[in-house]
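# Inside the fold
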Amino acid sequence: HIIMFGTKTIEKTLISDYRRFIDLYNSNQKSLNKTLNTKSKSKGFDKAVHEAHDQVFEEIDCLNCANCCKTVGPLFTPSDIKRISAKLKLSERMFTDQFLRRDEDGDMVLQSLPCPFLAEDNRCNIYEYRPAACRRFPHTDEKGQKALLTLTKKNAQVCPAVSQIVQKLAESVR
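Residues numbered from 1 in each chain as written. Predicted model: local features only at pLDDT ≥ 70, side-chain atom pairs only at ≥ 80, totals over all residues. Heavy atoms only, no water.

A separate point is the overall build of the protein chain. Within the protein chain one finds 9 helices and 4 strands. Along the protein chain, helices (α) and strands (β) appear in the sequence β-β-α-α-α-α-α-α-β-β-α-α-α when read from the amino end. Taken across its 174 residues, the protein chain has 39% of its residues classed as buried. Contacts in the protein chain between residues far apart in sequence, at least 24 positions, make up 65% of those at least 6 positions apart. (Helix = DSSP H or I, 4+ residues; strand = E, 2+ residues; numbered from the N terminus. Buried < 20%, exposed > 50% of the residue type's maximum accessible area, 1.4 Å probe, protein only. Contact = heavy atoms within 4.5 Å.)

Listed below in structure tokens is the structure:
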């Protein structure tokens, strides 16, 4: 599977390769986390994460994976609920009753996984008005990466892109 990305030809990464990225992260998690903790103390940590993010997302196509949509659900804010229910032509109460539940922390989350809005081709049926948490995932392109470090480590166990970003950061320290 060869695809063109800009002027560069790259090999299209398949789902088995994505799983391998996560497995590699999990098998080296202790070492990678130690390296990540050290790296996060450096002045250019945000820049390093953002550069790794850009490099990884040149190669990884989320539509070949969608593991985040299959295994972890987003939090739904009141504005998410209002926006999505309006687009689905449901009352907020009907939307909440049909799709959401309150978790142990009091947050509104999906009743079940995979996400009910995930289509068979891994596209999101509500992409244009998806929850803010989905819009921001995997958070590796945001400012303040040191504050997001715990979340990044958690996401690396689920998202092959994040596991690759962590691996690139670890390699840059060596």
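Quick look at the packing of helix H5 (residues 78–87) against helix H6 (residues 92–99) now. When two helices pack together, their arrangement is given by the angle between the helix axes and the distance between those axes. Contact pair H5 / H6: the axes reach a minimum separation of 9 Å and the direction vectors enclose 100°. As summarised for this structure, H5 and H6 are arranged roughly perpendicular, according to the angle between their axes. Residues Ile81, Lys82, Ile84 and Ser85 of H5 pack against Glu92, Phe95 and Thr96 of H6. Residue composition of the contact of H5 with H6, grouped by class: 3 nonpolar, 2 polar and 2 charged. (Axes fitted to C-alpha atoms, helices over the stretch in contact; angles between N-to-C directions. Parallel < 35°, antiparallel > 145°, perpendicular 65-115°, else oblique. Nonpolar A, V, L, I, M, F, W, Y, C, P; charged D, E, K, R; others polar.)

On to the pattern of salt bridges. Counted under the stated rule, the structure contains 5 salt bridges. A salt bridge links Asp80 to Arg83, with the shortest nitrogen-to-oxygen separation between them at 2.7 Å. Here Asp80 pairs with Arg83, and both are found in helix H5, just 3 residues apart, close to one helical turn. A residue is classified by how much of its surface remains accessible, and Asp80, at 1% relative accessible area, is buried. Using a relative accessible area of 28% as the deciding quantity, one classes Arg83 as partly exposed. Taking the shortest distance from any N to any O, the salt bridge between Arg123 and Asp121 comes out at 3.5 Å. Among the residues examined, Arg123 registers a relative accessible area of 47% and is labelled partly exposed. (Salt bridge = Lys/Arg side-chain N within 4 Å of Asp/Glu carboxyl O.)

Quick look at H6 now. Buried within H6 are the following residues: Phe95, Thr96 and Phe99. In a view along the axis of H6, the buried residues occupy a sector of 95°, so they form one face of it. On its buried face, H6 is in contact with H5, strand E3 (100–102) and strand E4 (108–110). (Arc of directions from axis to C-beta.)

The subject of this paragraph is H5. Considered for burial, the residues of H5 that qualify are Asp80, Ile81, Ile84 and Ser85. Projected onto a plane normal to the axis of H5, the buried residues spread over an arc of 115° and lie on a single side. Of the residues in H5, the exposed ones pointing more than 90 degrees away from the buried face are Pro78, Lys82, Ala86 and Lys87. Buried residues belonging to H5 abut H6, E3, E4 and helix H7 (132–136). In the stretch just after H5, Lys89 is the one whose phi turns positive, near 60°.

A separate point is the nonpolar core. Ranked by internal contacts, the top residues of the largest apolar core, which has 15 residues, are Leu36, Phe45, Ile165 and Leu169. Put simply, the parts of the chain that give this core at least two residues each are helix H3 (45–59), helix H8 (149–156) and helix H9 (160–173). If you look at the next biggest cluster of nonpolar residues, it comprises 14 residues, including Ala66, Phe76, Phe99 and Met108. (Core = buried A, V, L, I, M, F, W, Y, C linked by side-chain atoms within 4.5 Å.)

Of the consecutive residues Leu113 and Pro114, the connecting peptide bond is found in the cis state with omega at 0°. With respect to the helices and strands, the residue Pro114 is situated in the loop between E4 and H7. Backbone torsion omega between Phe137 and Pro138 reads 10°, so that peptide bond is classified as cis. Among the structural elements, Pro138 can be located in the loop between H7 and H8. For Ala66, which is not glycine, the phi torsion reads 60° and is therefore positive. As for its placement among the helices and strands, Ala66 is situated in the loop between H3 and helix H4 (67–71). Not every positive phi belongs to a glycine, and Lys89 is a case in point at roughly 60°. On the secondary structure map, Lys89 appears in the loop between H5 and H6. On the accessibility criterion, Lys89 (76% relative accessible area) is exposed.

None of the figures reported here should be taken as evidence of function without further support.
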